[in-house]
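So you can see what is in the structure, the chains are spelled out below.
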Amino acid sequence: MEEVFSEAYKNIIENMTDGVFLVGHDGRVILENSVAVNLLNRELHGERLIRLMTEGDVNDEFYQCIIDAIFQKNKIYDSVPFRRGDEVKYLRIAVFPLADEGTGSSVMVMFSDVTELVELAEKNRILSEKLADFIDRFVMVMVGSIDKRSPYNANHTKKMARYAENYLDYLDREGRGIDPMKKKPLLSSVWLHDIGKLVIPLWVMDKPSRLGDKETDVMNRIEVSKLCYRIKELEDPESGAQAHEKIEELEEAARFIKSINMKGFMDDESLAKVEALAEIKCLTPEGEMVPLLDDYEKEALMIRKGTLTASERKIIESHVSQTYEMLKEMNFEGTHKDVPEWAGRHHEYLDGSGYPNGLKGDEITWETRLLTIIDIYDALTAEDRPYKPPMPPEKAFSILESMRDEGKIDGEILKDFYESKAWQTGVDA
């Protein structure tokens, strides 16, 4: 058969940088070049393909590519190991069925040594795994640091991570799973979304009531004033009635302040009463009259909902900017490159009313939209917040649906999250 090949054709094959051999219609190797002999560490000329395959099963993958091309009558491309004694090479193989009967050949096999590339890819894979492991350990260290500062926030993060894992599993079961390469980065962004709280003053982050530790100052001021009035009453019996009236006024003020300090919502009547309390004066041992409430205490007691004043809320809201900047400094790369954005934008709303950048619509990624929803859900249902009681899931989802209707959060993700039941699994404190 080989007589049909011209010397020029043979020279072309011999001078190719890839290993090449041809198998004729009778299953014999009819032509090979020196590169093929060197790579395979043996001469193939005149050998039957079936005999090569039955010499042992160590190189079945290599010869199977040839068989597949012959029977499928189609080109085959693959990378396979090829063993030569104790040595293993990796070959990139291309098999081409030949239809020209004039050549007397049936298939051309071309292959090249890609061992270094495969070994480099394996080294990169190991390095990537080590990097992923480093990121996981970094996340755990950071969350542990938040845990030490504020057990409320750490429990919140753990539950969010569990919700996210359950939700992603649900999408997989539904056949709508996200890119597997995005799962770890997304979960990392969940774990790290509150890392900025490491630099937020703890007295703001965990402020349990409107007055916080200032409640002690107000109550001490009232008690001192009551004592001063009692002394004055003893020293001047004629002014006793007036002093007694002042004492009762201060006691009523103390009761009211204690009742509203942790109240969930302040109505207009309560706010008006705080305004009136701010006009009350307290008697000091030096005989001076000082306001019952200073400017901060008045502002704090007039918070309509929650425990933070306007300035304190700005401080706590800055944690998202801090999160973004801290994670950006980490120079996340590859599959994790979007972690800073996903984590640092979880208080943005689709209608542009969120913070810190007032992003809207398509400016907010799917991953951030999911993080926002599970963050709000857990904040509403959390059982360990010192400043509010937990909300049942039904009410929490009702609030989320209202936010959806207002155009703040993604309705499709919210529907999926509800139907996934991912929120039914929490984390013990």
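Please read these numbers as outputs of a predicted model, since none were measured by experiment.

Asks: Explain the pairing of strand β1 (residues 19-24) residue by residue, including any values.
Replies: The side chains of a regular strand alternate, first on one face of the sheet and then on the other. In terms of residue burial, β1 counts as a mostly covered element, since six of its six residues are buried. Alternating residues of β1 divide into G19, F21 and V23 and V20, L22 and G24, and every residue in both groups is buried. The pairing of β1 with strand β2 (residues 29-32) spans three bridges and is classified as antiparallel. In the sheet register, F21 faces β2, and the bridge partner there is E32.

Asks: Break down the nonpolar core for me, citing the residues and quoting the values.
Replies: Within the largest apolar cluster, 43 residues are counted, with the highest numbers of intra-cluster contacts made by Y167, L192, Y377, L400, I409 and F417. For this core, the elements supplying multiple residues, two or more each, are α5 (115-149), α6 (151-173), α7 (180-192), α14 (339-344), α15 (366-381), α16 (393-405) and α17 (411-420). The element best represented in this core is α6, accounting for eight residues. Residue contacts for L400: discarding those within four places in its chain leaves I373, I376, Y377, I409 and L414. In this structure, L211, V274, L283 and L301 belong to the second largest nonpolar core, which totals 25 residues.

Asks: Kindly report on the pattern of salt bridges, identifying the contributing residues and their values.
Replies: For the structure on display, the rule yields 31 salt bridges. Here E122 ties to R125 by a salt bridge, and the two come within 2.4 Å at their closest N and O atoms. With a gap of three residues between them, E122 and R125 both fall in helix α5, about one helical turn apart. Among the residues examined, E122 registers a relative accessible area of 36% and is labelled partly exposed. Taking the shortest distance from any N to any O, the salt bridge between E419 and K415 comes out at 3.1 Å. With E419 and K415 both in helix α17 and four residues apart, the pair spans about one turn of that helix. Note on K415: relative accessible area 51%, which makes it exposed. Salt bridges sharing partners connect three or more residues here, namely R84, E87, K89 and D113.

Asks: I'd like a rundown of a nonpolar patch on the surface, residues and numbers included.
Replies: Residues L131, F134 and M330 make up a contiguous nonpolar surface patch of about 260 Å² in total accessible area. By the element assignment, F134 lies in helix α5.

Asks: Help me get a handle on empty space enclosed by the protein, residues and values and all.
Replies: With the rule as written, the count across this model stands at one cavity of 30 Å³ or more. In this structure, the largest cavity encloses a volume near 40 Å³. For the lining of the largest cavity, the residue count by class is four nonpolar, one polar and four charged.

Asks: Can you lay out the packing of α15 against α17 for me, pointing to particular residues and giving the numbers?
Replies: Put simply, α15 and α17 touch, their axes get as near as 10 Å, and they point 55° apart. In terms of their interaxial angle, α15 and α17 are classed as oblique. Crossing handedness for the pair α15 and α17: right-handed. Residues W366, R369, L370, I373, I374 and Y377 of α15 form the contact with α17, whose own contacting residues are I413, L414 and F417.

Asks: How would you sum up the packing of aromatic side chains? Please name residues and give values.
Replies: Here the structure, examined in full by the defined rule, presents 17 aromatic pairs. Consider the rings of F62 and Y63, whose centres lie 5.1 Å apart with planes at 90°: the pair is edge-to-face. Each of the two residues, F62 as well as Y63, counts as buried. Put simply, the rings of Y163, Y167, Y170, W366, Y377, F397, F417, Y418 and W423 touch in pairs and so form one group of aromatic residues.

Asks: Break down the packing of α16 against α17 for me, with residues and values.
Replies: The angle between the axes and the distance between the axes are what describe a pair of packed helices. Where α16 contacts α17, the axes come no closer than 10 Å and their chain directions differ by 160°. Taken together, α16 and α17 sit at an angle that is classed as roughly antiparallel. In this structure, the crossing between α16 and α17 has a hand that is left-handed. Between α16 and α17, the contacting residues are F397, L400, E401 and R404 on the first element and G411, L414, F417 and Y418 on the second. Of the residues contributing to the contact of α16 with α17, the split by class is five nonpolar, one polar and two charged.

Each value, and the rule that gives it
Residues numbered from 1 in each chain as written. Predicted model: local features only at pLDDT ≥ 70, side-chain atom pairs only at ≥ 80, totals over all residues. Heavy atoms only, no water. Buried < 20%, exposed > 50% of the residue type's maximum accessible area, 1.4 Å probe, protein only. Helix = DSSP H or I, 4+ residues; strand = E, 2+ residues; numbered from the N terminus. Pairing = 2+ DSSP bridges. Core = buried A, V, L, I, M, F, W, Y, C linked by side-chain atoms within 4.5 Å. Contact = heavy atoms within 4.5 Å. Salt bridge = Lys/Arg side-chain N within 4 Å of Asp/Glu carboxyl O. Patch = residues over 30% accessible without salt bridge, like charges linked within 9 Å, V, L, I, M, F, W, Y side chains within 5 Å. Areas by Shrake-Rupley, 256 points an atom, 1.4 Å probe, with all protein chains shown as cover. 1 Å grid on protein atoms, 1.4 Å probe; cavity = no way out; pocket = protein on both sides within 12 Å on 5 of 7 lines; lining within 4 Å. Points joined across faces, edges and corners; volume = space filled by probe spheres on them. Nonpolar A, V, L, I, M, F, W, Y, C, P; charged D, E, K, R; others polar. Axes fitted to C-alpha atoms, helices over the stretch in contact; angles between N-to-C directions. Parallel < 35°, antiparallel > 145°, perpendicular 65-115°, else oblique. Left-handed = near helix turned anticlockwise from the far one by under 90°. Phe/Tyr/Trp six-rings, centres within 6.5 Å; stacked < 30°, edge-to-face > 60°.

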